[in-house]
Amino acid sequence: MTIFEKSVQGRKGYELPVYDIEEVKCEIPEHLLRKEPPMLPEVSEVDVVRHYTDLALKNYSVDRGFYPLGSCTMKYNPKINEDMAALFTNLHPFQPRETITGAIKLMGHLKELLCEITGTDDMTLQPAAGAHGELTGLLVARAYFEDKGELEKRRKVLVPDSAHGTNPASAAMAGFEVIELKSGEDGCVNLDELKAHLDDSVAVIMLTNPNTLGLFEKDILEIARMAHEVGALLYYDGANLNAIMGRTRPGDMGFDIVHLNLHKTFSTPHGMGGPGSGPIGVKKHLAPYLPVPIVKKTESGYDLDYNLPKSIGMVRSFYGNFLVMVKAYTYILTMGNKGLKHVSDMAVLNANYLRKKLSRLYKVAYDRICMHEFVIDNEEFAKKTGVKTLDIAKRILDYGMHAPTIYFPLIVHEAMMIEPTETESKMTLDRFVEIMEKIYEEAHSNPELVKKAPYTTPVKRLDDVSATKFPIFRYKK
Ligand SMILES: *Cc1c(COP(=O)(O)O)cnc(C)c1O
C-alpha cells in the first residue's frame, strides 16, 4: 500500500501553534500561485516513519550486503565520513568568505592530497560527477588548443572501443569528433591501430588504466610518448583509481588531465545513495584554463582565486558538491598513506580471488592477472543453455546479493563485470562463488527457472527502457 492509499482526510502528523503574527502580503504574482492545494497524503507521524522504513527495507545497499558492480564501484562508506559531513551541513554558499575559512582550507588540503595521489599539479573540485569532470577536462583541452591557435586543426578525440560510454559522449559534447580505437587481441590499446589514427589532427586521447576490462595498459609509457610527439593531450578516466591508488600515478604515466570519481574510489555512496564529485587534476601547462574559483594556497592559509583570465569559467554553481569532498577527505585522512596502498592491494587481491574461483565454471574474458575488476564472457554459455547474462543477474537477486554490472564493456558480448572492492571478506566472496556455481548448475538442469527469475524481490522484471523514456514520478489515483 502506498502512503497515498493510507491517507485519511483530516489526519495529521503535526500541529502548528495558533497564528498570532501579522500576515505578510504575498508578493508572488497571481498567475504563479497554485489554484488548488497540492495532493499530499494526510497521515500520522507513525505512518510516515513506517512508510520510509518500508522503503528502506525494500532497498538494497552496501550496508546490507555484497554489491559487486564493476566500474561503478560500490564500496563501503565508513560511517565516520557521514559524521564529518554532518559538521558542515549548516554552511550556506552565500556566507561571507571570512566565515567559511575552514571549508576553504579543507578544499585546499583535499586538492593537495588528490594532486599527490594522481601526480598532477593543480586541480578543480567543481565538477559534480565523473562525466561532468570529463566534459570539464575536454573544455580545458579545447581552451588550451584555442590559446595555442591549434583548435582549427585539432578536431579529433581518440577513444578505445572498451571505454565507458561517457567518454565519447563528453568528447562530442565538447565539440570534438570522436574516433573509436579498436582494442587489440589482448584487450589493451593496439599500438598499430593508435599509430594509424595519430597525427596533428588529434587533440586528445582518452584512456583509462587499468582499462574497463580490469587490465593494466602495459604500453602506457609508449602511448604517452606517441601522444605527446604529435602534440596531443592524454586524458585519464580515473573514475576507478581503486587498483592503483598509492601504487602508481596517472601523472607519472604521462597523463595531462585526470578526472576522479570521489563517489567511487573515495568511498562516498552514489547513484540513488547520494550526489557525486568529479574533480579534475591537470599538469602545469593546463592549470590556467581550469574553472574559477580555484582554491589556492596563500601565506596565511588558503583562499579562492577568481582571477584566472584564461579560465573556461564556472562549470557548476558555487564550489561543487562540498559534502562529498568532506567524505572523501575523511576517507583519505583515516586511511593515510599506507592505508590507501592497502586498499588498492586488497581490491586487486579480492578481484583475482574471485576471477580464479569463477573461472572454473565461467569463461573469463582475457583471463590473466587483473586489477580491481574483471569481466566474464557468457556468450557461449548463453548459446548452450539459453540463459543470458541478464537472467543470471536476476537470479543472483533471489539469493540475496546484488548483481554485478552487466553488458559492459560493449566489446565483450554477454558481459558480466565484477568488482568486489577491498572491504569484502573471504567469507562473502566464497558465498558469491557458491551462488554463481548454484546458478550455473540451475542453468544446465532447469534453465526456465533462471530465465524467469527473480522470484523474491518486491518488483520482478521491469521494462527499463520505458522506465527511462516515460518515467512516472507522480502518484495518480
Ligand atoms: C562511473 C564512470 C564514469 C562516469 O562517472 P559518473 O559519476 O557516473 O558520471 C566514467 N568512466 C568510468 C570508467 C566510470 O566507471
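Owing to the predicted nature of the structure, the values given are computational and were not obtained by experimental measurement.

Peer 1: Help me understand the sheet that holds strand S5 (residues 233–238), please; the structure alone is not making it clear to me.
Peer 2: Read across the sheet, seven strands follow the order S1-S7-S6-S5-S4-S2-S3 without closing on themselves; strand pairing throughout is mixed. Two strands close off the open sheet at either side, each with one partner strand: strand S1 (122–124) and strand S3 (177–181). Across the sheet, the mean angle separating the axes of adjacent strands is 20° when strand polarity is ignored. Here S1 pairs with strand S7 (residues 280–282) via three bridges, running antiparallel. Of the residues in S7, the one forming a bridge with threonine 124 is isoleucine 280.

Peer 1: I'm lost on the layout of surface pockets in this one. Help?
Peer 2: The gaps of empty space that remain are located by a probe, the size of a water molecule, rolled over the atoms. Within this model, the largest pocket holds a volume of roughly 2,000 Å³. Sorting the residues of the lining of the largest pocket by element identifies helix H1 (45–58), helix H2 (79–86), helix H12 (389–398) and helix H15 (464–469) as the ones contributing at least two each. Sorting elements by how many residues they give to the lining of the largest pocket places H12 first, with four residues. Reported here for the second largest pocket is a volume of approximately 480 Å³. Lining the second largest pocket are 13 residues, with Thr2, Phe4, His51, Leu55 and Tyr475 positioned closest to its centre. Its residues assigned to classes, the lining of the second largest pocket comprises seven nonpolar, two polar and four charged.

Peer 1: What is the right way to read a nonpolar patch on the surface from this model?
Peer 2: Judged by side-chain polarity, Val18, Tyr19 and Ile21 come together as a nonpolar surface patch covering roughly 400 Å² of accessible area. Turning to its location among the elements, tyrosine 19 is positioned in the segment before H1.

Peer 1: Looking at this structure, I do not really get the site of the ligand. What am I missing?
Peer 2: If you check the shell around the ligand, you find 13 residues, and the closest are Ser71, Gly130, Asp237, His263 and Lys264. Alanine 131 places a main-chain nitrogen or oxygen 2.8 Å from an oxygen atom of the ligand. About the coverage of the ligand: the protein hides 86% of its 380 Å² of free accessible area. Among the elements of the structure, helix H4 (130–147) and helix H9 (262–265) are those that each provide at least two residues to the shell around the ligand. In terms of residues, the shell around the ligand owes the most to one element, H4, which gives three residues. The residue inventory of the shell around the ligand, partitioned by class, reads three nonpolar, seven polar and three charged.

Peer 1: When you look at the domain arrangement of the chain in this model, what are you seeing that I'm missing?
Peer 2: For an interface, size is often stated in terms of accessible area lost upon the parts coming together. Considered domain by domain, the chain is made up of domain 1 (3–58), domain 2 (79–334) and domain 3 (343–467). Taking only C-alpha atoms, the centre of domain 2 and the centre of domain 3 are 30 Å apart. On the domain 3 side, the residues contacting the 24 residues of domain 2 number 21 residues. In this assembly, domain 2 and domain 3 are joined by one salt bridge. Between aspartate 345 and arginine 247 there is a salt bridge, with its nearest N and O atoms 2.8 Å apart. The tally of links between domain 2 and domain 3 comes to seven residue pairs in polar contact (both at pLDDT 80 or more).

Peer 1: What should I look at first to understand the packing of aromatic side chains in this one?
Peer 2: Where two aromatic rings form a pair, the distance of their centres and the angle of their planes describe that pair. The full count for this structure, using the stated rule, is 12 aromatic pairs. Seen from their ring centres, tyrosine 144 and tyrosine 289 are 6.1 Å apart, and the 80° between their planes marks the pair as edge-to-face. Remark: tyrosine 289 occurs in the loop between S7 and strand S8 (294–297) and tyrosine 144 occurs in helix H4; sequence separation between them is 145 residues. Each member of the pair, tyrosine 144 together with tyrosine 289, is buried. Centre to centre, the rings of tyrosine 236 and phenylalanine 255 are 4.7 Å apart; their planes meet at 75°, and the pair counts as edge-to-face. With tyrosine 236 in strand S5 and phenylalanine 255 in the loop between helix H8 (250–253) and strand S6 (257–260), this pair connects stretches of sequence that are 19 residues apart. Among the residues examined, phenylalanine 255 registers a relative accessible area of 0% and is labelled buried. Within the aromatic cluster, the residues linked to one another by ring pairs are Tyr144, Phe145 and Tyr289.

Peer 1: Would you mind showing me how to read the environment of valine 375 here?
Peer 2: Relative to the helices and strands, valine 375 is located in strand S10 (residues 374–377). For the pair formed by valine 375 and valine 412, sequence separation is 37 residues and the distance between their alpha carbons is 8.0 Å. Among residues more than four places away in sequence, those in contact with valine 375 are Thr212, Leu213, Val364, Ala365, Pro409, Val412, Ala415, Met416 and Met417.

Peer 1: When you look at the UniProt feature "domain: Glycine dehydrogenase C-terminal" (unreviewed entry) in the chain in this model, what are you seeing that I'm missing?
Peer 2: When the UniProt feature table is mapped onto this chain numbering, "domain: Glycine dehydrogenase C-terminal" (unreviewed entry) sits at residues 344–444. Here residues 344–444 runs as 50% helix and 10% strand, with 37 Å between its end C-alpha atoms.

Peer 1: Explanation requested: the nonpolar core in the structure shown.
Peer 2: Across soluble globular proteins, nonpolar side chains have a tendency to be buried as a group. Leu114, Leu194, Ile205 and Phe266 are the most contacted members of the largest nonpolar core, which has 58 residues in total. Going through the elements one at a time, helix H3 (101–118), S3, strand S4 (202–207), helix H7 (220–229), S5, S6, strand S9 (302–305) and helix H10 (322–358) are the ones with two or more residues in this core. For this core, the element with the highest residue contribution is H10, accounting for 11 residues. When we break this core down by domain, the ones giving at least three residues each are domain 2 (79–334) and domain 3 (343–467). Leu135, Tyr144, Ala174 and Ile280 belong to the second-largest nonpolar core, a separate cluster that totals 29 residues.

Peer 1: Looking at this structure, I do not really get empty space enclosed by the protein. What am I missing?
Peer 2: All chains considered together, the criterion is met by three cavities of 30 Å³ or more. If you add up the space inside the largest cavity, you get close to 90 Å³. Elements supplying a minimum of two residues to the lining of the largest cavity: H3, S1 and S8. Among the residues forming the lining of the largest cavity, the class breakdown is nine nonpolar, two polar and one charged.

Peer 1: What's the story with the state of the cysteines in this structure? I'm lost.
Peer 2: In a disulfide, the sulfur atoms of two cysteines are held together by a covalent bond. Taken as a whole, this structure holds zero disulfides when the rule is applied. Left without a disulfide partner, cysteine 188 is nearest to the cysteine sulfur of cysteine 370, which lies 12 Å away. Since its relative accessible area comes to 1%, cysteine 188 is described here as buried.

Basis of the calculations
- Residues numbered from 1 in each chain as written.
- Predicted model: local features only at pLDDT ≥ 70, side-chain atom pairs only at ≥ 80, totals over all residues.
- Heavy atoms only, no water.
- Pairing = 2+ DSSP bridges.
- Helix = DSSP H or I, 4+ residues; strand = E, 2+ residues; numbered from the N terminus.
- Axes fitted to C-alpha atoms, helices over the stretch in contact; angles between N-to-C directions.
- 1 Å grid on protein atoms, 1.4 Å probe; cavity = no way out; pocket = protein on both sides within 12 Å on 5 of 7 lines; lining within 4 Å.
- Points joined across faces, edges and corners; volume = space filled by probe spheres on them.
- Nonpolar A, V, L, I, M, F, W, Y, C, P; charged D, E, K, R; others polar.
- Patch = residues over 30% accessible without salt bridge, like charges linked within 9 Å, V, L, I, M, F, W, Y side chains within 5 Å.
- Areas by Shrake-Rupley, 256 points an atom, 1.4 Å probe, with all protein chains shown as cover.
- Salt bridge = Lys/Arg side-chain N within 4 Å of Asp/Glu carboxyl O.
- Near = heavy atom within 4 Å.
- Polar contact = N/O pair within 3.5 Å; in protein donor to acceptor, adjacent residues only side chain to side chain.
- Domains from an automatic or database assignment.
- Contact = heavy atoms within 4.5 Å.
- Phe/Tyr/Trp six-rings, centres within 6.5 Å; stacked < 30°, edge-to-face > 60°.
- Buried < 20%, exposed > 50% of the residue type's maximum accessible area, 1.4 Å probe, protein only.
- UniProt positions renumbered as here; feature names shortened; annotations may be inferred.
- Core = buried A, V, L, I, M, F, W, Y, C linked by side-chain atoms within 4.5 Å.
- Disulfide = S-S within 2.5 Å.

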